[in-house]
Amino acid sequence: MDSFVIEGGRRLAGKLRINGSKNAALPLMAAALLTDEPVTLRDVPDLADIRNMLRLLAELGCHRVNEGDDRRVMTLHATDRSNSHARYDIVRTMRAGVCVLGPLLGRRGTCRVSMPGGCAIGDRPIDLHLRGMRALGAEVSMDAGDIVVTVPPGGLVGATIFLGGPFGSTVLGTANVMCAAAVARGRTVIESAACEPEVADLAALLVRMGARISGAGTPRITIDGVPQLGKADHTIMPDRIEAGTFLMAAAITNGDLVLDNCPTDTLLATIDRLNAIGVEVEPIEFLRPAGHPADPQRQAVRVTCGRVIRPVEVTTQPHPGFPTDLQAQLVALLTLADGNSVITERIFPDRFLHVAELTRMGAKIFRQGPTVIVSGVRELHGAPVMASDLRASACLVLAGMAAQGTTTVNRVYHLDRGYESMESRLRDVGARITRVSVKEGAGE
Ligand code: EPZ
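Here is what the cut-offs are and how they apply
Residues numbered from 1 in each chain as written. Predicted model: local features only at pLDDT ≥ 70, side-chain atom pairs only at ≥ 80, totals over all residues. Heavy atoms only, no water. Near = heavy atom within 4 Å. Polar contact = N/O pair within 3.5 Å; in protein donor to acceptor, adjacent residues only side chain to side chain. Areas by Shrake-Rupley, 256 points an atom, 1.4 Å probe, with all protein chains shown as cover. Helix = DSSP H or I, 4+ residues; strand = E, 2+ residues; numbered from the N terminus. Domains from an automatic or database assignment. Salt bridge = Lys/Arg side-chain N within 4 Å of Asp/Glu carboxyl O. Axes fitted to C-alpha atoms, helices over the stretch in contact; angles between N-to-C directions. Parallel < 35°, antiparallel > 145°, perpendicular 65-115°, else oblique. Left-handed = near helix turned anticlockwise from the far one by under 90°. Contact = heavy atoms within 4.5 Å. Nonpolar A, V, L, I, M, F, W, Y, C, P; charged D, E, K, R; others polar. Buried area = accessible area lost by both parts, 1.4 Å probe.

Engineer: Mind laying out the site of the ligand, listing which residues take part and the relevant values?
Structural biologist: The environment of the ligand is made up of 24 residues, and the closest members are Leu 128, Thr 170, Asp 325, Ile 347 and Arg 391. Between the ligand and Arg 95 there is a distance of 3.3 Å, counted from an oxygen atom to a side-chain nitrogen or oxygen. One nitrogen or oxygen atom from the main chain of Leu 128 is found 2.7 Å from an oxygen atom belonging to the ligand. Calculation on the ligand without its partners gives an accessible area of 830 Å², and the protein chains cover 92% of this total. Elements that contribute at least two residues to the shell around the ligand include exactly helix 1 (22-31), helix 5 (127-135), helix 6 (171-182) and helix 12 (390-402). When residues of the shell around the ligand are assigned to their parent elements, the largest contribution, three residues, is made by helix 5. Counting residues domain by domain, the shell around the ligand receives three or more from each of domain 1 (2-19 + 238-440) and domain 2 (22-235).

Right, here's the structure in full:
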């Protein structure tokens, strides 16, 4: 099991390119199940979750057919519809496996998907996904830990579906309903749909495949079902959470970074809070290739931060609010602020695995329910730390880069699920990070 050993106190400076989005790529890959023709995706990140999704799709008869080419280009072709069972072994390693549900139901009329369990960031129910499937006419039952969904003889029929829950809408639930409704009979209206940019990216792919969808990216999505979908070629949107993480990495190291391919338009709430903290994020026009119009989804931006980090109040919210997936990294930054910050987590109220670990590094954090008060300290101190979730682990890498001395972040396989070659990319801009293999039981 690998760890990162980080020598803190180095300023980041240089240029990084933001990769294609993990959370967009996973449902886009699953959408290839909706057609018998090949679907090509570009700028696919090289991540453990993507490899797990490929494994799951292969079991479901949908294979990558361009092995050996550019590894960021993936052509998926669903040629065998005989197995529609997404097994526990795979879904438990990657909760996003649940996003095969809508495409399988839409194309094959029946499927069996292992019920995803909770995970380190809290309970992860899927009642809203199932509500959506039922509203389209599907029959849903449980058998041996699997969700069994079948379409009645007349096929799926469009409906008006409300997808709001106690914590807002559901991103993958919206993706699932959109995929199934794309090939249902008649019109579906999803009310209280998730507005996350990854939902809009999925809609863009489905439209390229022949679907009729409008309103994706807003709370009301209208889908007019078509009999079948076909081939498509689509470039995945840049990863806004990776971009936000690197913005904060620059800030916490008092650095000066240029991020290329940055989806600034999807990060407005994050940039607003960073500005309040004292971080400058400026688009760099001269890096735009001649003749290319300005694209706020793929900008080059320069991020700099003064010496003083100002405290702020932040509440995580569904998009376009401040994203839960950047909360942990922001807490790392605020541990060094000049005063008290208040952070409230409204999407996953228990998503605070990083708090105890940051405390081991000298941070002063007081948690009460879904809120933490972070009292800024003058410095953090290196320590061995570990977190069992992707973004909490990213937060510890940021803290380690700012801390005095050596920090060992254990079990970085969580990071490898969502950040491609994080250590070498940060090393390229001045961080001192090495990956070491640690034998299980030795020091963990
Ligand atoms: C997506 O998960 C992301 N995962 C998560 O990214 C992200 O944190 C989350 O959206 C919120 O933005 C992928 O895209 C692969 P939800 P998802 O359904 O779709 C409740 C990361 O670090 N809810 O939008 O599974 C739920 O408990 C990750 O990259 C229900 O009540 O999240 C939560 O409070 C982790 N019933 C809220 O809604 C349901 O049926 C939002 O969850 C579904 C969800």
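Next comes the rest of the description.
Engineer: Describe the pattern of salt bridges, listing the residues and the values that go with them.
Structural biologist: Within this structure, the stated rule accounts for 27 salt bridges. Here Asp 36 ties to Arg 81 by a salt bridge, and the two come within 3.5 Å at their closest N and O atoms. One end of the pair, Asp 36, is in the loop between helix 1 and strand 3 (39-42); the other, Arg 81, is in the loop between strand 5 (74-78) and strand 6 (85-86), and 45 residues separate them in sequence. It is possible to trace a salt-bridge network through shared partners that takes in Asp 46, Arg 51, Arg 71, Arg 72 and Glu 420.

Engineer: Could you give me a rundown of the packing of helix 8 (residues 240-252) against helix 12, with the residues and numbers involved?
Structural biologist: The geometry of helix 8 relative to helix 12 is characterised by a closest axis approach of 9 Å and an angle of 20° between their N-to-C directions. Accordingly, the angle class assigned to the pair helix 8 and helix 12 is roughly parallel. Crossing angle aside, the handedness with which helix 8 passes helix 12 is right-handed. Packed against helix 8, whose contacting residues are Ile 241, Thr 245, Met 248, Ala 249 and Ile 252, the element helix 12 presents Arg 391, Ala 394, Leu 398, Ala 399, Met 401 and Ala 402 at the interface. Looking at the contact of helix 8 with helix 12 residue by residue, the class counts come to nine nonpolar, one polar and one charged.

Engineer: Could you give me a rundown of the domain arrangement of the protein chain, with the residues and numbers involved?
Structural biologist: Split into domains, the protein chain comes out as domain 1 (2-19 + 238-440) and domain 2 (22-235). Distance between the C-alpha centres of domain 1 and domain 2: 30 Å. Contact with domain 1, which involves 26 residues of that partner, is made by 20 residues of domain 2. Of the roughly 1900 Å² buried between domain 1 and domain 2, counting both surfaces, carbon and sulfur atoms make up 51%. Summed over the three residues of domain 1 that lose the most area to domain 2, namely His 319, Arg 417 and Glu 420, the buried surface amounts to 31% of that side. Linking domain 1 with domain 2 are five salt bridges, by the criterion used here. For Asp 49, the salt bridge identified is with Arg 417, shortest N-O distance 3.0 Å.

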